[in-house]
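Okay, here's what each chain looks like letter by letter:
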Amino acid sequence: MLYKILWALLFLIIGSAAGFILRKYLSESKINNAAKTANNMVEEAIKESERIKKERLIEAKEEIHSLRFELDRESRERRNELQKLEKRVMNKEENLDRKIENIEKKEEALAERNKKLELKETELDILKEKQLVELEKISQLTFEEARELLLANVENRITRETAILIKNKEAEAKSEADKKAREIITYAIQKCAADHVAETTVSVVSLPSDEMKGRIIGREGRNIRALETLTGVDLIIDDTPEAVILSGFDPIKREIARNALEKLISDGRIHPARIEEMVNTSKREIEDKIKEMGEQAVFEVGLHKIHPEMVKLIGRLHYRTSYGQNILKHSLEVAYLAGIMADELGANARIARRAGLLHDIGKAVDHEVEGPHVAIGVDILKRYKENNEIIHAVEAHHDDVEPKTIEAVLVQAADAISAARPGARRETLESYIKRLQKLEEIATSFPGVDKSFAIQAGREVRILVKSDEIDDVGMVLTAKEIAQKIENELDYPGQIKVNLIRETRVTEYAK
């Protein structure tokens, strides 16, 4: 047993020693192999770097060669250009030298010619003096006396002929101007026949029955209060059968209220919430209609490049009236008339039509903005960068400023024609009578006036003056003063003719 154990120990020791020797041998061989591999890699890396270095050197040399070649080529081209420029400069210098020589020759020739002309002038002066002396001896007049006599005769003749010519031309021009003006205005009015809508400050809404009035008023008046508050229009519900009256100075608000009320009556459901809904719907519909009316008016006149906000203002004129005349219809008529007259006279028809359409644009917001509609309109046009000629025509159409262009005069004339023609405007009987009375009072307030009569529906005032107090010259001044006072104190459409009559009567009886 002990023997086996000893042999086992001996084998174990021998195996351990052999294993240690074997592991040591394997480790040394791996280390040697790794060293050889590293050395090989270093050598390869050195070789690769040398190769890359040689390639980079070759590329650099090639690039330097190409740059040197390109530089040589550019230098040659610049030298060629400089040579060409030098040749051109030399040619120009040669041409200038030749021109200078020619100019010098011409100057010498001119100097020689001037000398000859001076000699001839001297000879002519001598001959002229001799002739004057001979003429003075023959006519027995000095030169100054003869000249004064001749000029006096010529002046008298020219003055007489000029006066006759001026008189004939004035008469001819006046006759032709009056005839041409009548033809142009008649032609313009004949081509333009716009309809006019008479409106007031109230609108009437028809009801299916009188029972609807109670539903419109509502419990304790809540429906009518809601409608009046939302629209800003007064509702008048009285004994008028099957009708409700809407009263308000703003025509757009009145139209919104009328439209909303008709919708409520048609729908049958009338309560504050439904009223608010219908009023909002009507507002949108009226805004769309205003835009549509403005676009239609601009299209009918044939204009373009008008600011969208101005188009809306033009559409608002559809709901604005003056003496019962629809302002949008009136503006269209003024645009047509001004454009036609401008075409006939050779003026700028586009400017005339544009100014005619925009001349009353201030009336679209005169319920909201203080001031006369002309000043409001001018501010609107300036705000939207309108043409200065258009602004001037609008500003001058009521003589707030003196018209300086023919288009401004045509717009002024077209506005007067549209406003003054029969049937265009209407007034209430009361205001009409007051205006006639005021017209006669203004005329009779002047000293020397005997009687005055407003005729032609207030378009003319005929005044009889006292012949012993006002002479023919004084009549002109009195007529101007009366017209000025009428302009300052009266508001009227169109124009009023002031006609003064003076007569002297002598009575004698034969017995």
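Residues numbered from 1 in each chain as written. Predicted model: local features only at pLDDT ≥ 70, side-chain atom pairs only at ≥ 80, totals over all residues. Heavy atoms only, no water.

Participant: What is the right way to look at the sheet that holds strand 8 (residues 497–501) in this model?
Facilitator: Each strand in a sheet pairs with its neighbour through backbone hydrogen bonds, running either in the same direction (parallel) or in the opposite one (antiparallel). Spatially, the three strands line up as an open sheet ordered 6-7-8, and their pairing is mixed. Looking along the sheet, the strands with just one partner apiece sit at the ends: strand 6 (449–455) and strand 8. When strand polarity is set aside, the average angle formed by the axes of neighbouring strands in this sheet is 20°. Bridge count for strand 6 against strand 7 (residues 460–465) is six bridges, and the pairing is antiparallel. Bridging across to strand 7, V449 finds its partner in V465. (Pairing = 2+ DSSP bridges. Helix = DSSP H or I, 4+ residues; strand = E, 2+ residues; numbered from the N terminus. Axes fitted to C-alpha atoms, helices over the stretch in contact; angles between N-to-C directions.)

Participant: Honestly, empty space enclosed by the protein in this entry has me stumped. Any pointers?
Facilitator: To find leftover empty space, one rolls a probe the size of a water molecule over the atoms. One pass over the structure, following the stated rule, counts one cavity of 30 Å³ or more. By volume, the largest cavity is sized at about 40 Å³. Lining the largest cavity, in full, are D250, P251, I252, R316, R320, K363, A364, V365, H367 and E368. Its residues placed into classes, the lining of the largest cavity shows four nonpolar, one polar and five charged. (1 Å grid on protein atoms, 1.4 Å probe; cavity = no way out; pocket = protein on both sides within 12 Å on 5 of 7 lines; lining within 4 Å. Points joined across faces, edges and corners; volume = space filled by probe spheres on them. Nonpolar A, V, L, I, M, F, W, Y, C, P; charged D, E, K, R; others polar.)

Participant: Help me out: how do you make sense of a nonpolar patch on the surface in this one?
Facilitator: Together, I5, L9, L12 and I13 make up a nonpolar patch on the protein surface, roughly 390 Å² of accessible area in all. Inspection of the secondary structure assignment puts I13 in helix 1 (residues 2–139). (Patch = residues over 30% accessible without salt bridge, like charges linked within 9 Å, V, L, I, M, F, W, Y side chains within 5 Å. Areas by Shrake-Rupley, 256 points an atom, 1.4 Å probe, with all protein chains shown as cover. Salt bridge = Lys/Arg side-chain N within 4 Å of Asp/Glu carboxyl O.)

Participant: So what exactly am I meant to see when it comes to the side chain of N259 here?
Facilitator: The residue N259 is located in helix 5 (residues 251–267) in this model. Accessibility expressed as a relative area gives 14% for N259, which makes it buried. Those residues in contact with N259 that sit more than four places away from it in its chain are S282, E285 and I286. (Buried < 20%, exposed > 50% of the residue type's maximum accessible area, 1.4 Å probe, protein only. Contact = heavy atoms within 4.5 Å.)

Participant: What is the right way to read the confidence of the model for the chain from this model?
Facilitator: Regions with low pLDDT carry predicted coordinates that are not meant to be interpreted in detail. Here the chain shows a mean pLDDT of 80. Residues at 70 or above account for 87%. Mean pLDDT in the chain bottoms out at helix 2 (residues 143–191), which sits at 69, and peaks at strand 7, which reaches 89. Per-residue pLDDT stays below 50 along residues 193–199; that stretch engages in 19 contacts with residues further than four places along the chain or on separate chains. (pLDDT = per-residue confidence, 0-100.)

Participant: So what exactly am I meant to see when it comes to the packing of helix 8 (residues 327–345) against helix 9 (residues 349–358) here?
Facilitator: Angle between the axes and distance between the axes are the two parameters that describe a pair of packed helices. Where helix 8 meets helix 9, the axes come as close as 7 Å, and the angle between the chain directions of the two elements is 160°. It follows from the interaxial angle that helix 8 and helix 9 lie roughly antiparallel. The hand of the helix 8/helix 9 crossing is right-handed. Across from S331, L332, V334, A335, A338, G339, A342 and D343 in helix 8, the residues of helix 9 making contact are A349, A352, R353, G356 and L357. (Parallel < 35°, antiparallel > 145°, perpendicular 65-115°, else oblique. Left-handed = near helix turned anticlockwise from the far one by under 90°.)

Participant: Please clarify how the environment of L381 should be interpreted in this entry.
Facilitator: As for its position among the elements, L381 is in helix 10 (residues 373–383). As a C-alpha pair, L381 and G362 span 19 residues in sequence and 9.3 Å in three-dimensional space. Setting aside chain neighbours within four positions, we find L381 in contact with M310, L358, I361, E386, I390, I391 and V394.

Participant: Teacher, can you tell me more about a negative patch on the surface here?
Facilitator: Judged by side-chain charge, E93, E94, D97, E101, E104, E107 and E108 come together as a negatively charged surface patch. Structurally, E108 can be placed in helix 1. Since its relative accessible area comes to 59%, E108 is described here as exposed. (Lys, Arg positive; Asp, Glu negative; His and termini not counted. Charge placed at Lys NZ, Arg CZ, Asp CG, Glu CD.)

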